[in-house]
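# Working through the structure, step by step
Now for the letters of each chain:
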Amino acid sequence: MQNYFHDLAAFLDTRLKGKEQYTCWLSAEASDFVRFNRSAIRQPGHVRQIYLSLHLIDGMRHAKTSTSLAGNLESDRPLLEYMLNGLRSRLPELPEDPHLLISTEVQSSEHISASQLPETGAIVDEALTAAQGHDMVGILAAGPLWRGFANSFGQRNWHQSASFNLDWSLYQSRDKAVKTTHAGFEWSSAEFREKFANAAAQLAMLQRTPISIRPGAYRAYLTPAALSDIIGMLNWDGLSEKALRTRQSSLRRMRDEGWQLNPAVTLAENTADGLAPAFQNEGFIKPERIALIEQGCLAGSMISPRTAKEYGIATNGADGGESANSLDLAGGALPQSRALQELDTGVFIGNLWYLNFSDRSNFRLTGMTRFATFWVENGEIKAPLNVMRFDDSLYRMLGENLLGLTRERELLIDTDTYGARSTGSMRLPGALVKELRFVL
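Reading guide: rules and limits
- Residues numbered from 1 in each chain as written.
- Predicted model: local features only at pLDDT ≥ 70, side-chain atom pairs only at ≥ 80, totals over all residues.
- Heavy atoms only, no water.
- Helix = DSSP H or I, 4+ residues; strand = E, 2+ residues; numbered from the N terminus.
- Buried < 20%, exposed > 50% of the residue type's maximum accessible area, 1.4 Å probe, protein only.
- Contact = heavy atoms within 4.5 Å.
- 1 Å grid on protein atoms, 1.4 Å probe; cavity = no way out; pocket = protein on both sides within 12 Å on 5 of 7 lines; lining within 4 Å.
- Points joined across faces, edges and corners; volume = space filled by probe spheres on them.
- Nonpolar A, V, L, I, M, F, W, Y, C, P; charged D, E, K, R; others polar.
- Axes fitted to C-alpha atoms, helices over the stretch in contact; angles between N-to-C directions.
- Parallel < 35°, antiparallel > 145°, perpendicular 65-115°, else oblique.
- Left-handed = near helix turned anticlockwise from the far one by under 90°.
- Polar contact = N/O pair within 3.5 Å; in protein donor to acceptor, adjacent residues only side chain to side chain.
- Domains from an automatic or database assignment.
- Buried area = accessible area lost by both parts, 1.4 Å probe.
- Salt bridge = Lys/Arg side-chain N within 4 Å of Asp/Glu carboxyl O.

## Section: the environment of alanine 28
Along the polypeptide, alanine 28 turns up in strand β1 (residues 21-37). In this structure alanine 28 comes out as buried when scored by relative accessible area, which is 1%. Not counting residues up to four positions away in its chain, the partners in contact with alanine 28 are Met1, Gln49, Ile50, Leu145, Trp146 and Arg147.

## Quick word on the layout of surface pockets
Over the atoms rolls a probe the size of a water molecule, and its path tells where empty space is left. Taken as a whole, the second largest pocket encloses approximately 530 Å³ of empty space. Around the second largest pocket sit 22 residues that line it, and Trp25, Arg147, Asp319, Asn325 and Thr423 are the ones nearest its centre. Counting residues per element, the ones that place at least two in the lining of the second largest pocket are β1 and β2 (40-58). Looking at the lining of the second largest pocket element by element, the count peaks at three residues for β2. Per-class residue counts for the lining of the second largest pocket are eight nonpolar, eight polar and six charged.

## Some points on the packing of helix α3 (residues 120-131) against helix α4 (residues 189-205)
As a packed pair, α3 and α4 sit with axes 11 Å apart at the nearest point and diverge in direction by 30 degrees. Comparing their axes, α4 and α3 come out roughly parallel. The way α3 lies across α4 gives a crossing that is right-handed. Taking contact as the criterion, the partners of Glu126, Ala127, Ala130 and Ala131 in α3 are, on α4, Ser189, Phe192, Arg193 and Phe196.

## Considerations on the environment of threonine 129
If you trace the backbone, threonine 129 turns up in helix α3. There is a polar contact of 2.8 Å between the side chain of threonine 129 and the backbone oxygen of aspartate 125.

## Observations concerning the domain arrangement of the protein
Each domain of the protein was delimited in the assignment, giving domain 1 (1-207) and domain 2 (216-438). One C-alpha centre belongs to domain 1, the other to domain 2; they are set 24 Å apart. On the side of domain 2, 37 residues touch domain 1, which itself brings 48 residues to the contact. A combined buried area of about 3500 Å² lies between domain 1 and domain 2, and 60% of that area is made up of carbon and sulfur atoms. Counting the surface domain 1 buries against domain 2, the share from its top three residues, Trp25, His99 and Leu101, is 17%. Taken together, the connections running from domain 1 to domain 2 amount to two salt bridges. Connecting domain 1 to domain 2 are twelve residue pairs in polar contact (both at pLDDT 80 or more). For the side of domain 1 that touches domain 2, the secondary structure elements donating two or more residues are β1, β2, β5 (136-151), β6 (156-173), β7 (176-184) and α4. Among the elements that line the side of domain 1 that touches domain 2, the one with the most residues is β6, at nine residues.

## Structural notes on empty space enclosed by the protein
Applying the stated criterion across every chain, the model contains three cavities of 30 Å³ or more. Looking at the largest cavity, its volume works out to about 50 Å³. Lining the largest cavity we find Asn270, Asp273, Gly274, Ser326, Leu327, Asp328, Leu411, Ser425, Met426 and Arg427. Among the elements of the structure, β12 (326-329) and β18 (425-438) are those that each provide at least two residues to the lining of the largest cavity.

## Considerations on the packing of helix α1 (residues 2-13) against helix α2 (residues 73-90)
Two elements in contact, α1 and α2, have axes separated by 11 Å at closest approach and are oriented at 40 degrees. Looking at the two axes, α1 sits oblique to α2. Seen along the crossing, α1 lies across α2 with a hand that is right-handed. Judged by residue contacts, Tyr4, Asp7, Leu8, Phe11 and Leu12 of α1 engage Leu73, Asp76, Arg77, Leu80, Glu81 and Leu84 from α2. Residue classes in the contact of α1 with α2 are distributed as seven nonpolar, no polar and four charged.

This is the structure in structure tokens:
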């Protein structure tokens, strides 16, 4: 694939006219997908696809297009020629873009991580064996991903890795189920069996008669999966430099008024340990780590080339959307094994969903509990909790009310496969909070 991409870029180099420049971005994968239902294979499949985005630039005018390719240069050359001609015909009609910033400094790179995955069939066999006697539903996605960048200045960047993501639920009845994921670069049978056993134990507890609690503030423990839903909202324009400067960011009060989170909160874009490549689709290089929140204080932001050009600042290789791709929240001192004991009496939350802002300027969120959520008394799970709606502020949840973060963290790979497997990931601990406000 890498040789094919380099040959493709070399061909594009020869097709430019006048002062034209180009950049191109290749996104490819060879993925096995297996859907499970009722602890059986419902739909196996394999997807091999190559997409190319081509950006033609002439002065301050530019245009983009994208297409799927066959992966054979002989058959792809006419399509590349067609793409270039189409873009070239559009440029004279387009206005100049005052915020266009292209990477002219050649910074080529190569990251090739050999696959450490077993055959997909072996993973499927383990999943089906563990699921015997349960009603399991889920999806497995596994295989190599490729990302490439090239431009007419001669820069070439290549990223190749292989990962898996097994996302499954054990269904009990009605709205009761336990949802779990096992993801990474190397399959661990021991870790999978431990996660499956924990899920099966929680499933057994779901058979108890569920209870409801009155609306109010309760001590709560958020698993890494539940916390990922909250951090995901933070990553929705919260860390964008453009959104911070236009006061659209949910974290604007941290920038403008010095508001802080708990000193235990240190959040970074950790490209070095993530799934995403260390370069973006315009050729700018990402540092291994970008400090975003340090000891509760806003320390940085995601700065795209366009924002950099508009405000006269340096880009840090953020994509156009200025969202983080490899979020990393530092762990704390709370051992995972003591989470229930430290919770004592309160709500254990396995997952959240339907999150949205109820007051964006104050980072107040609302959402619902989901899947394995339990009422805990004296450090022991007593009963599953019927679905509750919470409405609370990040400044309370991860600020004054944060009691601790777990020492152990979990790698959560974005399960989105719409169009292509996502390279987004988070590495998060669990969080113990003194109060979480439930309203319904």
